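One-letter residues, chain by chain:
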Amino acid sequence: MSARAVERSILPGVFEGVGFERGGVPLLAEVSLRFEAGKRSLILGPNGSGKSLTLRLAHGLLTPSSGRITWGGDRPAVAASRQAMVFETPVLLRRSARANVEYALGLHGVARAERADRAEALLARVGLGALSGRKARVLSAGEGQRLALARAFATGPEVLFLDEPTAALDPHATRLVEGIIESAAEEGTKIVMTSHDLGQARRLADEVLFFASGRLQEQTPAAEFFEAPRSDGARAFLRGDLLS
Amino acid sequence: MSDLGQAFSQAFHMIGSLDPVLLEIVGLSLEVSLAALALAALVGLPLGGFVALVRFPGRRVVVVSLNALMGLPPVVVGLLVYLMLSRSGPLGGLGWLFTPTAMVLAQFVLITPIVAALTRQVMEDLWVEYEFPLRSLGSSPVRAIPTLLYDGRFALVTTLLAGFGRAIAEVGAVIIVGGNIAHVTRVMTTAIALETSKGDLALALALGFVLLGLAMGINAAASWLAEIARGHEA
């Protein structure tokens, strides 16, 4: 943590009038928002509302068609190495759990001799210490997602993006993953997570960004969002109505 | 009819008794085609990976060319390599013409596009799944090539077997650049062509059976490996 404090923070992350289109079809329009340090940001909304797209743009995996995204005042490419992302279905390499984490450490310039110990420590942190030698592809869905978290932590991220990380998991595995996310947040990692699960949003969110039809409808503190959402779309979504 | 029967029984006898002439020809065939495959893998695997993952100007042209070159006619490859290696050709000074080295070179030219084009397909399919996660971890497309070659290793063995199958079974290229010289550049396919035209059906048949066995063995191995690969998908 002390080493990180020396480096300049990449927060806040700022979207200014960001739009994204593919093949002439606008998928995201006029999104302006700020990701501030300390708050756990939950991106809520129905399928196809632009949640995952926003995450991928924020992480620099996609380039906006219009507007601009900055992190700590810089372009996203600079910030990418201080960010990590966990996807809905983890893509695990065909090697052992530990080798998956070692691979990420290697990409971040950790010396070969240090990788094994660091990988074991990261696996222990997500409760996979006993499974470090197991082939990643035979892990259960929940174990695989925790391995993806260990791999994401390998880069010591200041910002952790999570794209529907528990969508495919049972309640027990979901609790384990949420616990890991919460402890990361307590240790100072900025959490930006998408979900369509209201219960999860209530448990984890400090603030909610609600998306519908490719637009950001509101960015609201969590307590206020669940009591009195500002947008019609959010009211309908909280009632359980279908949004088009 | 009895001639044919005699040829068959002689052929089986040659195989059963491990006839030295037969073994020499089979051995040279394997040597040449395996060497060509090793070189083709060395070039074709990274090349296929590069074309699949890295965006560069003219990439579409390279992709289309690789696919088109998969269908190179062996006699044309033989002719081109012959022209390169002939005494007045640019590589004439090497003195490779009518040696096994020339045959390795010709088969290498023939199957490298096959290995590269099939590798590109495998890698492009993998990249759809791997691109965002690997880029998120900080990998560049070039750095991801060895990662994907390793993760796609079961599918890529099938690719190599396809290249080997093409090399071991072709006759047009090796007969032009090798010359089918007994004990020097005579391989299974060229020997079959020659012995058949000479009317020595026994040796031709024996070689034919070995080649058939190899070809079927390669296909069996390929589908068996594909089976294993599916098991590793889980």
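Our structure's up above, just so we're on the same page.
Note that the coordinates shown come from a computational prediction; the quantities given were computed from them, not determined experimentally. (Residues numbered from 1 in each chain as written. Chains lettered and ligands numbered in written order. Predicted model: local features only at pLDDT ≥ 70, side-chain atom pairs only at ≥ 80, totals over all residues. Heavy atoms only, no water.)

### Brief notes about the overall build of chain B
For chain B, the count of helices and strands is 10 helices and zero strands. Listed N to C, the secondary structure of chain B is α-α-α-α-α-α-α-α-α-α in terms of helices and strands. Pairs at least 24 apart in sequence give 74% of the contacts found in chain B among residues at least 6 apart. When the accessible surface of chain B is totalled, it reaches about 11100 Å², and 71% of it is carbon and sulfur. Computed over 12 positive and 14 negative side-chain charges, the inter-centroid distance for chain B is 12 Å. (Helix = DSSP H or I, 4+ residues; strand = E, 2+ residues; numbered from the N terminus. Contact = heavy atoms within 4.5 Å. Areas by Shrake-Rupley, 256 points an atom, 1.4 Å probe, with all protein chains shown as cover. Lys, Arg positive; Asp, Glu negative; His and termini not counted. Charge placed at Lys NZ, Arg CZ, Asp CG, Glu CD.)

### Some details on the packing of helix α5 (residues 100-136) of chain B against helix α6 (residues 141-151) of chain B
Residue and element names in this part refer to chain B. Here α5 crosses α6 at 115 degrees, and the two axes come no closer than 10 Å. Classified by chirality, the crossing of α6 by α5 is right-handed. Along the contact surface, α5 presents Thr-119, Met-123, Leu-126, Trp-127, Tyr-130 and Leu-134, while α6 presents Pro-141, Ala-144, Ile-145, Thr-147, Leu-148, Leu-149 and Asp-151. Counted by class, the contact of α5 with α6 contains 10 nonpolar, two polar and one charged residues. (Axes fitted to C-alpha atoms, helices over the stretch in contact; angles between N-to-C directions. Left-handed = near helix turned anticlockwise from the far one by under 90°. Nonpolar A, V, L, I, M, F, W, Y, C, P; charged D, E, K, R; others polar.)

### A few points about the sheet that holds strand β1 (residues 13-22) of chain A
All names here are of chain A. Taken together, the three strands give an open sheet; going across it, the order is β2-β1-β4, and neighbouring strands pair in antiparallel fashion. With partners counted over all chains shown, the strands left at the sheet margins are β2 (25-35) and β4 (66-71), one partner each. Ignoring which end each strand starts from, the neighbouring axes of this sheet average 25 degrees apart. Inspection of the sheet shows β1 paired to β2 by seven bridges, in the antiparallel sense. Bridging across to β2, Phe-20 finds its partner in Leu-28. (Pairing = 2+ DSSP bridges.)

### Some words on the sheet that holds strand β9 (residues 215-221) of chain A
Across a sheet, strands are paired by hydrogen bonds formed along the backbone, either parallel or antiparallel in direction. Residues and elements named next belong to chain A. In space, the six strands of this open sheet follow the order β5-β6-β7-β3-β8-β9, with mixed pairing throughout. For this open sheet the edge positions go to β5 (83-86) and β9, each flanked by a neighbour on one side alone. Averaged over all neighbouring strand pairs, the angle between strand axes comes to 15 degrees, with direction disregarded. Bridge count for β5 against strand β6 (residues 159-163) is four bridges, and the pairing is parallel. Note on β6: the bridge partner recorded for Met-85 is Phe-161.

### Things to note about the interface of chain B and chain A
Interfaces are often described in size by the accessible area the parts lose on coming together. Taken residue by residue, the interface counts 19 residues in chain B and 22 residues in chain A. Carbon and sulfur atoms make up 54% of the surface buried where chain B meets chain A, a total of about 1900 Å² over both sides. Broken down residue by residue, the surface that chain B buries against chain A is led by Phe-132, Ser-136 and Leu-137 of chain B, which jointly contribute 35%. Where chain B meets chain A, there are two salt bridges. One salt bridge connects Glu-129 of chain B with Arg-137 of chain A, and the closest N-O pair in it is separated by 3.9 Å. (Buried area = accessible area lost by both parts, 1.4 Å probe. Salt bridge = Lys/Arg side-chain N within 4 Å of Asp/Glu carboxyl O.)

### Quick notes on empty space enclosed by the protein
By the definition in use, this model includes two cavities of 30 Å³ or more. Mapped onto the lining of the largest cavity, the elements with two or more residues apiece are β5 and α6 (141-153) of chain A together with α5 of chain B. At three residues, α6 of chain A tops the list of elements feeding residues into the lining of the largest cavity. For the lining of the largest cavity, a count of residues per class yields eight nonpolar, one polar and one charged. Reported here for the second largest cavity is a volume of approximately 50 Å³. If you trace the second largest cavity, you find it lined by Ser-29, Val-32, Ser-33, Met-103, Gln-107, Ala-167, Ile-168, Glu-170, Val-174, Val-187, Met-188 and Thr-189 of chain B. (1 Å grid on protein atoms, 1.4 Å probe; cavity = no way out; pocket = protein on both sides within 12 Å on 5 of 7 lines; lining within 4 Å. Points joined across faces, edges and corners; volume = space filled by probe spheres on them.)

### What about the pattern of salt bridges?
The tally for this structure, following the rule as stated, stands at 21 salt bridges over all chains. A salt bridge links Arg-135 of chain B to Glu-131 of chain B, with the nearest nitrogen and oxygen atoms 3.0 Å apart. Of this pair, Arg-135 of chain B and Glu-131 of chain B are both found in helix α5, four residues apart, which corresponds to roughly one turn of the helix. The class of Arg-135 of chain B is partly exposed, set by a relative accessible area of 28%. Here the residues in one salt-bridge network are Arg-40, Glu-182 and Asp-206 of chain A, joined through shared partners. (Buried < 20%, exposed > 50% of the residue type's maximum accessible area, 1.4 Å probe, protein only.)

### Details of the packing of aromatic side chains
Taken as a whole and judged by the stated rule, the model has 11 aromatic pairs over all chains. An angle of 90 degrees between the planes, with centres 6.1 Å apart, marks the rings of Phe-15 of chain A and Phe-35 of chain A as edge-to-face. Of this pair, Phe-15 of chain A sits in strand β1 while Phe-35 of chain A sits in strand β2, placing them 20 residues apart in sequence. Consider the rings of Phe-50 of chain B and Phe-56 of chain B, whose centres lie 5.5 Å apart with planes at 35 degrees: the pair is tilted. (Phe/Tyr/Trp six-rings, centres within 6.5 Å; stacked < 30°, edge-to-face > 60°.)

### Looking at the nonpolar core
By size, the foremost hydrophobic cluster in this structure holds 110 residues, and its most contacted members are Val-101, Leu-147, Leu-149 and Leu-160 of chain A together with Leu-53 and Leu-134 of chain B. Other than its neighbours up to four places away in sequence, Leu-149 of chain A contacts Val-86, Val-126, Leu-160, Leu-162, Val-177 and Ile-180 of chain A. (Core = buried A, V, L, I, M, F, W, Y, C linked by side-chain atoms within 4.5 Å.)

### Examining the environment of Val-171 of chain B
Residues and elements named next belong to chain B. Mapped onto the fold, Val-171 is located in the loop between α7 (153-169) and α8 (172-178). Owing to a relative accessible area of 32%, Val-171 belongs among the partly exposed residues under this scheme. Spatially, the C-alpha atoms of Val-171 and Ala-191 are 9.4 Å apart, while their sequence positions differ by 20 residues. Excluding residues that lie within four positions of it along the chain, Val-171 makes contacts with Thr-189 and Thr-190.

### Quick look at α7 of chain B
Taking 1.5 Å of rise per residue, 17 residues should cover 24 Å, and α7 of chain B covers 24 Å from first to last C-alpha, within 8% of that figure. Every buried residue belonging to α7 of chain B is among Phe-154, Leu-156, Thr-159, Leu-161, Gly-163, Phe-164, Ala-167 and Ile-168 of chain B, and all of these are buried. (Expected span 1.5 Å × (residues − 1).)

Nothing here speaks to function; it is all geometry.
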